[in-house]
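Examination of the molecular architecture
Letter by letter, the chains look like this.
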Amino acid sequence: MSTEPLPPVAPEVLAEAVEQLTARLRKKLDAAVAECAGKAVAGAGGSVEVRFGEDTLVTLRPGPSGAVTEPGQAVCSCLLAPRCLHRAAVLGAAPLADADAAAPAGPPAPEPAEEASSPGAAAVAASRPAAPAEEGRPSLTPAQADAAAGLWLAAAEALAAGVTAGGTVVQTELLRAAHSARLAGLPRAEAAALRVVRGLRAAREQGRGQRLTDLTAAFRALLAGAAALASGTAGPEGAGSVRRAYAQGGSLRVVGLCREPVLSATGYGGVTTHLLGPDGAFHTLSDVRPGGLSRARGAGTASVALGGAVLDHAGLARGGLLIAGATVSADGRLGAGRGVRATPVRGADWSEEPVASLFARPVREAVGSALDAAAEAAGGADPALVGCDVTVLGAADDHVLVRVLNGGPLVRLRVAHPHPELPHGENLRRIGGFPGLVLRVLGRPDPDRAATLRPLAVGPVPGAASSLRLPEEWRGHADLGYDRLQGDHFPRPEAGGSDGTLGPAGPDPLADGPLWRVRRLLETGVAGGRRAVAEAARGADRAALGVPLRRAGLSGAADLAEGLAAEADRRPRDSFGRLVDASPDAYARAWLASAVHLEAAERALVTASWS
């Protein structure tokens, strides 16, 4: 009998199941969760069954949404059910349902159009008053502050445990706090907690798509958001909204910039078409559904589902739309409400306005604005697109080295999407083989690397003798995720010229600077918990941590890192001299302070590298 994937489970259902277990059963939960791997089979009526031995059967019956959202949808045949280890283990082995799998709390959101949002300090006393109202908007309620305080404590416990000790019980405490945040009207905090739990799961399962850097960033966002909410300093905007609200934008004319394939680790695939408004504002129109790679590849020519427009994404990327009754979200996504009407219109070549203005803006100014906006956005938003004209110097290691025209900085071009069956890598290798090539690049700056751009599309530079020669129907640019550059698209190489291969690139001021020590300490804490930080910075290692930082003028980073190490190694004793567990609160404060400082320092270094 073939195995069946487990349906998603609402976080509150899992939290309730684990809460009902005795302390003895909780110690066995992680082993029982691992035992569920590959044992799920299809049952009657769309159910999924997992058998334990000969007499015990756990059955999950998903609701209309495809997720288990009620405790009664998970049943076990053993005598201890529903307070049994089998039921809790199966629920713990199932993927977490998104926040919108169940009906959102509170009244329905208003028209004109909506779309479900995607999965983005110390605790305060329960009597803390609500934050003062700002600009006439309602303040956070005491219930919201209390929920945020509980989320802070749960996140601090999970951070102190780390990946190695962050099993199902620790994750469940986070899920319980996340559900309380949702009930209190804090969906942004709930989403941040779910990102951490999913990251912990992937790290413990050694998932291929999981990076410790991403989990570290997720912990930082969760702790920072919970601290601001709990202290009452976040303001009403810190609560977020369950659904992405679309405001009426009236009549709007947009022109296409490029297409970008979307491929997620959870099996979703599709395309995002980037658009530009007349005021220089970026807009996007996405078509992402289950289907993985095949869906991502095919969606590039799929029809545009917006206001009855007879156009596909390939045509939209090189054309435009005149939209009547447009609805636009805060992050620029175009909505497809009932009153939206769209008519295809002529687009703009990259050498024409308003697109040409993207490449006329000083690159450091554009990158700085993009990185600052991404840092302020919730949920780990990607930086906005940046355009620049460059000269190709050649290929080096895993990137192409270019120089921005008119005395600009050296920039590394790295693959935007590394999947081998997407043409990004092949196109970038071809570009690297033509040193001296002048081209126009539109891409996303990498916030974690010095002077690094991940290009989505390229085009010829107007008036340049040695530039790309693209087909007329491509309207002046090639989408690197869908179009394939060929030999006749490039100028003839000069006789006796370089083959485009460079030696090793120069030092990276971000990766090769002393801040990597702080980054490693923070990631060590995420991976191994509080004890790992204490061991990593004990004795002579603590001096080795601070001296290089101070020598480089980074005394603030040194003080915070040493404070984190000292707090991690603190071992308090009770009145009888016995060792007791230290509260995770002060440790989480120290970790968060160092993480926030590191993020700001690295962002400043990245911005400076574009000078």
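Everything in this summary refers to the structure shown in the same document. Residue positions are counted from 1 within each chain, in the order its sequence is given. Two thresholds apply to this predicted model, a pLDDT of at least 70 for residue-level local features and 80 or more for giving and counting side-chain atom pairs, whereas whole-chain, interface and lining totals are computed over all residues. Heavy atoms throughout the structure, all of them, feed into the side-chain values; hydrogens and water do not.

Turning our attention to the sheet that holds strand S3 (residues 56-60). Here we have four strands laid out as an open sheet, ordered S1-S2-S3-S4, and antiparallel in their pairing. Looking at strand neighbours, the two that pair on one side only are strand S1 (40-42) and strand S4 (74-76), the edges of this open sheet. On average, adjacent strands in this sheet sit at an angle of 25° to one another, irrespective of strand direction. What makes two strands pair is DSSP finding at least two bridges between them. Think of it this way: any DSSP run of H or I at least four residues long counts as a helix, any run of E at least two long counts as a strand, and we number them from the N terminus. Two strands pair when backbone bridges link them, and S3 and S4 are joined in this way by three bridges, in the antiparallel orientation. In the sheet register, Thr 59 faces S4, and the bridge partner there is Val 75. We call two residues in contact when some of their heavy atoms are within 4.5 Å. Structural elements are reduced to axes, namely lines fitted to C-alpha atoms, with helices fitted over the stretch in contact, and the angle between N-to-C directions of any two is expressed from 0 to 180 degrees. The sheet strands contacting helix H4 (residues 85-93) are strand S2 (48-52), S3 and S4, and the helix crosses S3 at an angle near 40°.

Time to look at the environment of Gly 307. Considering the arrangement of structural elements, one finds Gly 307 in the loop between helix H9 (292-298) and helix H10 (313-317). Given the relative accessible area of 23%, Gly 307 is considered partly exposed. For the pair formed by Gly 307 and Ala 336, sequence separation is 29 residues and the distance between their alpha carbons is 6.4 Å. Sequence-distant contacts of Gly 307, that is, excluding residues within four places in its chain, are made with Val 340, Arg 341 and Ala 342. Burial classes follow relative accessibility: with a 1.4 Å probe on protein chains only, a residue under 20% of its type's maximum area counts as buried, one over 50% as exposed, and anything between as partly exposed.

What follows deals with the packing of aromatic side chains. Within 6.5 Å between ring centres, the rings of Phe, Tyr and Trp (the latter by its six-membered ring) count as paired, and their orientation is classed by plane angle as stacked under 30 degrees, edge-to-face over 60, tilted in between. With the rule as written, the count across this model stands at two aromatic pairs. For the pair Trp 350 and Phe 359, a centre-to-centre distance of 5.2 Å together with 35° between the ring planes defines the contact as tilted. Taken together, a centroid distance of 4.3 Å and an interplanar angle of 5° make the contact between Phe 434 and Phe 490 stacked. With Phe 434 in the loop between helix H13 (424-432) and strand S14 (438-445) and Phe 490 in the loop between strand S16 (478-479) and helix H14 (515-536), this pair connects stretches of sequence that are 56 residues apart. Note on geometry: a ring has a charge over it if NZ (lysine) or CZ (arginine) is within 6 Å of the ring centre and within 35 degrees of the ring normal. Against the face of Phe 52 rests Lys 39, its NZ or CZ located 4.6 Å from the ring centre.

Before going further, it helps to spend a moment on the side chain of Asp 389. Take Asp 389: it is sitting in strand S11 (residues 386-396). Two N or O atoms form a polar contact when they lie within 3.5 Å of each other; inside protein one atom must be a possible hydrogen donor and the other a possible acceptor, and for residues adjacent in sequence the pair counts only when both atoms belong to side chains. In this structure the side chain of Asp 389 is engaged in a polar contact, spanning 2.7 Å, whose partner is the side chain of Arg 440. For Asp 389, the contacting residues outside a window of four places in its chain are Phe 359, Arg 403, Val 404, Leu 405, Leu 439, Arg 440 and Val 461.

Moving on: the environment of Gly 292. Looking at the element boundaries, Gly 292 is found in helix H9. Assessed through its relative accessible area of 13%, Gly 292 is described here as buried. For the pair Gly 292 and Leu 263, spaced 29 residues apart in sequence, the C-alpha to C-alpha distance is 6.1 Å. Apart from the residues lying within four places of it in its own chain, the contact partners of Gly 292 are Leu 263, Gly 267, Tyr 268 and Gly 269.

With that settled, consider the pattern of salt bridges. A pair is scored as a salt bridge if a Lys or Arg side-chain nitrogen falls within 4 Å of a carboxyl oxygen belonging to Asp or Glu. Tallied over the full model, the rule gives 30 salt bridges. Linking Asp 331 and Arg 333 is a salt bridge whose minimum nitrogen-to-oxygen distance equals 3.5 Å. Note on Asp 331: relative accessible area 46%, which makes it partly exposed. Judged by its relative accessible area of 24%, Arg 333 falls in the partly exposed class. Asp 398 serves as the salt-bridge partner of Arg 414, at 2.7 Å between the closest nitrogen and oxygen. Of this pair, Arg 414 sits in the loop between strand S13 (410-413) and H13 while Asp 398 sits in the loop between S11 and strand S12 (399-404), and the two are 16 residues apart along the sequence. Asp 398 gets classed as exposed once you look at its relative accessible area, which sits at 52%.

On to H13, then. Buried within H13 we find His 424, Gly 425, Asn 427, Leu 428, Ile 431 and Gly 432. Around the axis of H13, the buried residues are gathered within 165° of arc, so they sit on the same side. Note: the arc covers the axis-to-C-beta directions of the helix.

Of note, the amide linkage connecting Ala 81 to Pro 82 takes the cis form, showing an omega dihedral of 5°. Mapping Pro 82 onto the fold places it in the loop between S4 and H4. In the segment running from Glu 353 into Pro 354, the intervening peptide bond is cis, with an omega of 5°. When you line up the elements, Pro 354 lands in the loop between strand S10 (341-345) and helix H11 (356-360). One non-glycine residue, Ala 451, lies in the positive phi region at around 40°. Tracing the backbone shows Ala 451 in the loop between S14 and strand S15 (452-460). Exposure remark for Ala 451: the relative accessible area of 3% places this residue in the buried category. Positioned with a positive phi, Arg 475 is a non-glycine residue whose angle comes to about 55°. Looking at Arg 475, the relative accessible area reads 24%, which means it is partly exposed.

A separate point is the state of the cysteines. Cysteine sulfur pairs qualify as disulfides if the two atoms are within 2.5 Å. By the definition in use, this model includes zero disulfides. A disulfide-free cysteine, Cys 78 has its sulfur positioned 3.6 Å from the sulfur of Cys 76, the nearest such atom. Free of any disulfide, Cys 84 has its nearest neighbouring cysteine sulfur in Cys 78, separated by 3.7 Å.

A word on the pairing of S2. Here S2 shows a clear split, with Val 48, Val 50 and Phe 52 buried on one side and none of Glu 49 and Arg 51 buried on the other. With three bridges connecting them, S1 and S2 associate as antiparallel partners. Within S2, the position partnered with Ala 42 by the bridge is Val 48. Counting the residues between successive antiparallel strands, the hairpin from S1 to S2 contains five residues, one of them, Gly 45, with a positive phi of roughly 65°.

A few words now on helix H7 (residues 187-204). The end-to-end C-alpha distance of H7 is 26 Å, a good match for the 26 Å that 18 residues give at a rise of 1.5 Å each. For H7, the elements touching its buried residues are helix H1 (11-19), H4, helix H5 (142-165), helix H6 (168-183) and helix H8 (212-231). Once H7 finishes, Gln 206 follows within two positions and takes phi at roughly 55°, a positive value. Multiply 1.5 Å by the residue count of a helix minus one, and that product is the helix's expected span.

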